[in-house]
Amino acid sequence: MNKARNRKHASGRAKLADHDAEISRQGVTGSSKTDRIRTRAAWMYFVEQMTQNEIAEVLGIGRVSVVRMLADARARNEVKISIEGELAEITRIERALEKRFGLDQAIVAPLTDPQADPVPVIGAATGGFISEVMTQGMSVGVGWGRTLSSTLPYIRARPLADFRVISLLGGVGVARQFNPPEFAWRFAQIFQGDGYLIPAPAVVDSVETKRALIERCGLKEVLAMADALDAVILSVGGIASATTFYRGGYLSEGQREELAAKGAVGDLLFHFFDKNGSLVDHPVNDLGMSVDIDRLRRAPLRVLTSGGSEKIAALIGAMSLIEPTVFITDEETARRVLEQ
């Protein structure tokens, strides 16, 4: 009986393929959240053969909504005989990332030239996502760096009541192109919210200095705000000397070489980790004025956004370190992450 049922299902799938069983995004004209969810639902239903109930559970929506989305996809001519176009391939990559790393959502930005700088397209995709998910009453912890700074022009500015932004890393007092407090402050201004900074250097000279700043200079209250974050928005740096931390002079070449010898593949808020997502045994990990990893992992929404050939190993390690719920990158980086 099972064999007969399997043959019947196979026959049904074949007929469905003959008529229009696979998805094309050729007809997709926008990149809104509604368009993305509708196309994902169609992909799951027609290509992955998931039931409507299963799709509803994965996407966190009602079954009736799934039925309407599938009908809408057909009406828009997004469901055809074959999968065509760049965006359909990107959907496949997004789904593969979600399954591989247990993500709630992966967003992969198209990148026409594999050799091009991926930061602009990642920034645009991240800015669009942030615009959709920020709501009033949220407490959001933010990292820093070139990738996050590139999101600012793409975030839709609007006032949000009782909105708080907490910088997750020190850096006050030094004027640099990419500075932790600068990004946090500008992010808060976009939503007319309150910004909270860590009034200390990004890196200190000793554990004693760090302890004194936290316990005697009022930093404990700011750091404690990280215990109740609704979301964190983070980027990672690779161990290569070209990444933001090293360009900014926060780390010496000697320290970088020592960290690499210990197995470090990158850092997240000056926490240096290996390919397995474990912090490496090096004194520099105790000198960053940043929120610790355990606090970051308590936030229900954890957004990791980064890309580039020098960050592949760092991104893979960060998947275990921070366990992001949302991962945003470019298609070339996404492919290489999946390959490794």
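Parameters at a glance
Residues numbered from 1 in each chain as written. Predicted model: local features only at pLDDT ≥ 70, side-chain atom pairs only at ≥ 80, totals over all residues. Heavy atoms only, no water. UniProt positions renumbered as here; feature names shortened; annotations may be inferred. Helix = DSSP H or I, 4+ residues; strand = E, 2+ residues; numbered from the N terminus. Buried < 20%, exposed > 50% of the residue type's maximum accessible area, 1.4 Å probe, protein only. Contact = heavy atoms within 4.5 Å. Areas by Shrake-Rupley, 256 points an atom, 1.4 Å probe, with all protein chains shown as cover. Axes fitted to C-alpha atoms, helices over the stretch in contact; angles between N-to-C directions. Parallel < 35°, antiparallel > 145°, perpendicular 65-115°, else oblique. Left-handed = near helix turned anticlockwise from the far one by under 90°. Nonpolar A, V, L, I, M, F, W, Y, C, P; charged D, E, K, R; others polar. Salt bridge = Lys/Arg side-chain N within 4 Å of Asp/Glu carboxyl O. Phe/Tyr/Trp six-rings, centres within 6.5 Å; stacked < 30°, edge-to-face > 60°.

Going by an unreviewed UniProt entry, the protein carries the name Deoxyribonucleoside regulator and comes from Nitratireductor thuwali. The Sequence similarities (unreviewed entry) field of the UniProt record for the protein holds the comment "Belongs to the SorC transcriptional regulatory family."

J.: Quick question: what am I supposed to make of the overall build of the protein here?
T.: When helices and strands are tallied, the protein shows 15 helices and 12 strands. Here the protein holds 340 residues, and the buried ones make up 52% of them. Taking contacts inside the protein between residues at least 6 apart in sequence as the whole, the part at least 24 apart equals 72%. Of the accessible surface of the protein, which amounts to about 15800 Å², a share of 49% is contributed by carbon and sulfur atoms.

J.: How should the packing of helix 14 (residues 312-321) against helix 15 (residues 331-339) be read in this particular structure?
T.: Working note: a packed helix pair is described by the angle between its axes plus the distance between those axes. Between helix 14 and helix 15, whose axes approach to 10 Å, the crossing angle comes to 65°. Relative to helix 15, helix 14 is oriented roughly perpendicular. In terms of crossing hand, the pair formed by helix 14 and helix 15 is right-handed. Along the contact surface, helix 14 presents Ile 312, Leu 315 and Ile 316, while helix 15 presents Thr 333, Arg 336 and Val 337. A breakdown of the residues in the contact of helix 14 with helix 15 according to their chemical character gives 4 nonpolar, 1 polar and 1 charged.

J.: I would appreciate a short explanation of the pattern of salt bridges in the present structure.
T.: Side chains carrying opposite charge are able to pair once their charged atoms draw close together. A full pass over the atoms with the stated rule returns 16 salt bridges. Close ionic contact of Arg 92 with Glu 89 constitutes a salt bridge, the shortest N to O distance being 2.8 Å. Of the two residues, Arg 92 and Glu 89 are both situated in helix 5 (residues 86-101); the distance of 3 residues between them amounts to about one turn of the helix. By relative accessible area, which is 39% here, Arg 92 ends up partly exposed. Accessibility expressed as a relative area gives 27% for Glu 89, which makes it partly exposed. The partner of Glu 98 in a salt bridge is Arg 95, and the shortest N-O contact between them spans 3.2 Å. A residue pair is termed a helical-turn pair when its members lie 3 or 4 positions apart in one helix, as Glu 98 and Arg 95 do in helix 5 at 3 residues. In terms of burial, Glu 98 and Arg 95 fall into one category: buried.

J.: Looking at this structure, I do not really get the packing of aromatic side chains. What am I missing?
T.: Geometrically, a pair of aromatic rings is defined through the distance of the ring centres and the angle of the planes. Across all of its chains, the model carries 5 aromatic pairs by this definition. Residues Phe 163 and Phe 191 carry aromatic rings whose centres are separated by 5.0 Å and whose planes lie at 50° to one another, so their mutual orientation is tilted. Here Phe 163 is found in the loop between helix 7 (146-149) and strand 5 (164-167), whereas its partner Phe 191 is found in the loop between helix 8 (180-190) and strand 6 (194-196), with 28 residues between them in sequence. Each member of the pair Phe 163 and Phe 191 is classed as buried. Ring geometry for Phe 270 versus Phe 272: centroids 5.1 Å apart, planes at 75°, classification edge-to-face. Using a relative accessible area of 0% as the deciding quantity, one classes Phe 272 as buried.

J.: How do you make sense of the packing of helix 3 (residues 52-59) against helix 4 (residues 63-75) when you look at a structure like this?
T.: Here helix 3 crosses helix 4 at 105°, and the two axes come no closer than 8 Å. When the axis of helix 3 is compared with that of helix 4, the two are roughly perpendicular. Side by side, helix 3 and helix 4 meet where Gln 52, Asn 53, Ile 55 and Ala 56 of the first sit next to Arg 63, Val 66, Val 67 and Leu 70 of the second. When the residues that make up the contact of helix 3 with helix 4 are grouped by side-chain class, the tally is 5 nonpolar, 2 polar and 1 charged.

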